[in-house]
Amino acid sequence: MVNITIDGQQFQAAEGQNVLQAALDNGIEIPHLCYHENLSSYGGCRLCLVEITRGQRTTLTTSCTYPCLEGIVVRTDTPEVLKARRLVMELLLPLAPEAPQIQALAREMGISEQRFTEEEADNCIRCGLCTRACTEMVGAQAITFSGRGYRRAVESPFGEEAVDCIGCGTCVYICPTGCIEMLDRGTQRTLPKWKRTLELKKCTKCGWPYIPFAQIEFARQRGQEPPAADWFDLCPNCR
Ligand code: SF4
Ligand code: SF4
Ligand code: FES
């Protein structure tokens with residue numbers, strides 16, 4: 001454990017734990033969009049900026065990528081920090097003009113109007129939560145970042161059907177802008193962004209097509225045995 005100071009309060013944190021998580025664990029809120037406690041830090045949105053002093057040196061840096069080290073002093077609310085974060089948010093806003101969570105966060109940060117515009121906005125803020133969740137939580141590695149600079153985007157490999165996508169929906173649930181659609185129609189599930197359509201297995205009791213066959217097969221191949229042999233025959237409601 002190491003001793004750190006956040007906004008004048010002293011805390012103990014595990015050495016190497018990121019500063020953002022240490023702050024959140026101690027009830028200190030720092031806005032963040034590309035961080036999830038169960039995924040590796042990416043440092044992509046830059047919204048979690050804080051001021052950190054270590055020895056004689058003070059830097060403005062992303063708290064989700066900065067490790068807790070003995071004696072560091074963190075300030076989350078200096079005028080410089082708040083100004084820098086507001087600018088970051090103003091640059092993110094036009095990327096996701098239809099995302100309620102982003103709009104709400106902007107309002108919380110005191111941004112009432114949109115200064116910048118983005119002609120090709122697709123509601124994706126390039127936070128990379130979907131790709132990391134698919135790789136690190138699910139283990140499917142079905143989607144990826146492509147391109148550089150302003151052309152950087154998340155997509156299926158080579159823009160073709162994401163053949164490794166098992167239709168689990170993890171990317172859909174974790175996306176902060178809601179820009180990944182998942183449509184269940186009849187016995188088919190489609191994720192248009194990944195150009196992927198999968199066949200769904202029906203619950204043998206109520207008939208609800210509730211889980212992709214590919215997801216069941218994926219779990220089987222990885223040795224993730226269900227609690228009972230007929231587990232996937234019944235949907236969660238009928239189990
Ligand atoms: S739905 Fe497909 S792309 Fe999304 S996390 Fe699951 S496997 Fe990955
Ligand atoms: S699709 Fe959603 S989760 Fe993926 S990078 Fe874009 S905003 Fe983030
Ligand atoms: S949450 Fe830290 S850079 Fe996005």
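Just so we're clear, the structure is a prediction, and the values are computed from it rather than from any experiment. (Residues numbered from 1 in each chain as written. Chains lettered and ligands numbered in written order. Predicted model: local features only at pLDDT ≥ 70, side-chain atom pairs only at ≥ 80, totals over all residues. Heavy atoms only, no water.)

### Let's talk about the site of ligand 2
Consideration 1: Every one of the 13 residues lining ligand 2 counts as a neighbour, but C124, C127, G128, C130 and C175 are closest to it.
Consideration 2: Taking a 2 Å distance to the grid points as the criterion, the majority of the atoms of ligand 2 fall inside the second largest cavity.
Consideration 3: Taken together, the residues of the shell around ligand 2 sort by class into nine nonpolar, two polar and two charged. (Near = heavy atom within 4 Å. 1 Å grid on protein atoms, 1.4 Å probe; cavity = no way out; pocket = protein on both sides within 12 Å on 5 of 7 lines; lining within 4 Å. Sits in = over half its atoms within 2 Å of the grid points. Nonpolar A, V, L, I, M, F, W, Y, C, P; charged D, E, K, R; others polar.)

### Re the site of ligand 1
Consideration 1: The local shell around ligand 1 consists of C134, A140, I143, C165, I166, G167, C168, G169, T170, C171 and W194.
Consideration 2: Assessed atom by atom at 2 Å from the grid points, ligand 1 resides in the largest cavity.

### A look at empty space enclosed by the protein
Consideration 1: Considering all chains together, one arrives at two cavities of 30 Å³ or more under this definition.
Consideration 2: Estimated volume of the largest cavity: approximately 100 Å³.
Consideration 3: Lining the largest cavity are 14 residues; nearest its centre among them are C134, A142, C165, C168 and C171.
Consideration 4: Only α4 (129-138) and α5 (170-174) provide two or more residues apiece to the lining of the largest cavity.
Consideration 5: Residues of the lining of the largest cavity, tallied by class, amount to eleven nonpolar, three polar and no charged.
Consideration 6: Here the second largest cavity defines a volume of roughly 80 Å³.
Consideration 7: As for the second largest cavity, its lining consists of 13 residues, of which C124, C127, C130, C175 and C179 are closest to the centre.
Consideration 8: Considered class by class, the residues forming the lining of the second largest cavity number nine nonpolar, three polar and one charged. (Points joined across faces, edges and corners; volume = space filled by probe spheres on them. Helix = DSSP H or I, 4+ residues; strand = E, 2+ residues; numbered from the N terminus.)

### Considering the domain arrangement of the protein chain
By a widespread convention, an interface's size corresponds to the accessible area lost as its parts come together.
Consideration 1: Per the domain assignment, the segments of the protein chain are domain 1 (2-108) and domain 2 (129-233).
Consideration 2: The C-alpha centroid of domain 2 is placed 30 Å from the C-alpha centroid of domain 1.
Consideration 3: Taken together, the contact between domain 1 and domain 2 spans 13 residues of the former and ten residues of the latter.
Consideration 4: Both sides together, the interface formed by domain 1 and domain 2 hides about 930 Å², and carbon and sulfur atoms give 60% of it.
Consideration 5: Its largest share of buried area at the contact with domain 2, domain 1 owes to L39, S40 and Y42, together 51% of the area lost on that side.
Consideration 6: The tally of links from domain 1 across to domain 2 stands at zero salt bridges.
Consideration 7: In this structure, the connection of domain 1 to domain 2 is made through four residue pairs in polar contact (both at pLDDT 80 or more). (Domains from an automatic or database assignment. Contact = heavy atoms within 4.5 Å. Buried area = accessible area lost by both parts, 1.4 Å probe. Salt bridge = Lys/Arg side-chain N within 4 Å of Asp/Glu carboxyl O. Polar contact = N/O pair within 3.5 Å; in protein donor to acceptor, adjacent residues only side chain to side chain.)

### Focus: the packing of aromatic side chains
Consideration 1: The tally for this structure, following the rule as stated, stands at two aromatic pairs.
Consideration 2: With centroids separated by 5.9 Å and ring planes inclined at 20°, the aromatic side chains of Y42 and F145 adopt a geometry described as stacked. Of this pair, Y42 sits in the loop between α1 (19-25) and β3 (49-54) while F145 sits in strand β6 (residues 144-146), and the two are 103 residues apart along the sequence.
Consideration 3: Relative to Y210, the ring of W208 lies with its centre 5.8 Å away and its plane at 40°, an arrangement referred to as tilted.
Consideration 4: Given the relative accessible area of 9%, Y210 is considered buried.
Consideration 5: Sitting above the plane of the F145 ring, R152 keeps its charged end 4.0 Å from the centroid. (Phe/Tyr/Trp six-rings, centres within 6.5 Å; stacked < 30°, edge-to-face > 60°. Buried < 20%, exposed > 50% of the residue type's maximum accessible area, 1.4 Å probe, protein only. Lys NZ or Arg CZ within 6 Å of the ring centre and 35° of its normal.)

### Let's talk about helix α3 (residues 100-108)
Consideration 1: For α3, the full list of buried residues reads I102, L105 and A106. The arc that holds the buried residues of α3, viewed along the axis, is 100°, so those residues lie on one side. Those residues of α3 that are exposed and aimed more than 90 degrees away from the buried face are P100, R107 and E108.
Consideration 2: Of the surrounding secondary structure, the elements contacted by the buried residues of α3 are α2 (79-92).
Consideration 3: Immediately downstream of α3, the backbone of G110 shows phi near 85°, a positive value. (Arc of directions from axis to C-beta.)

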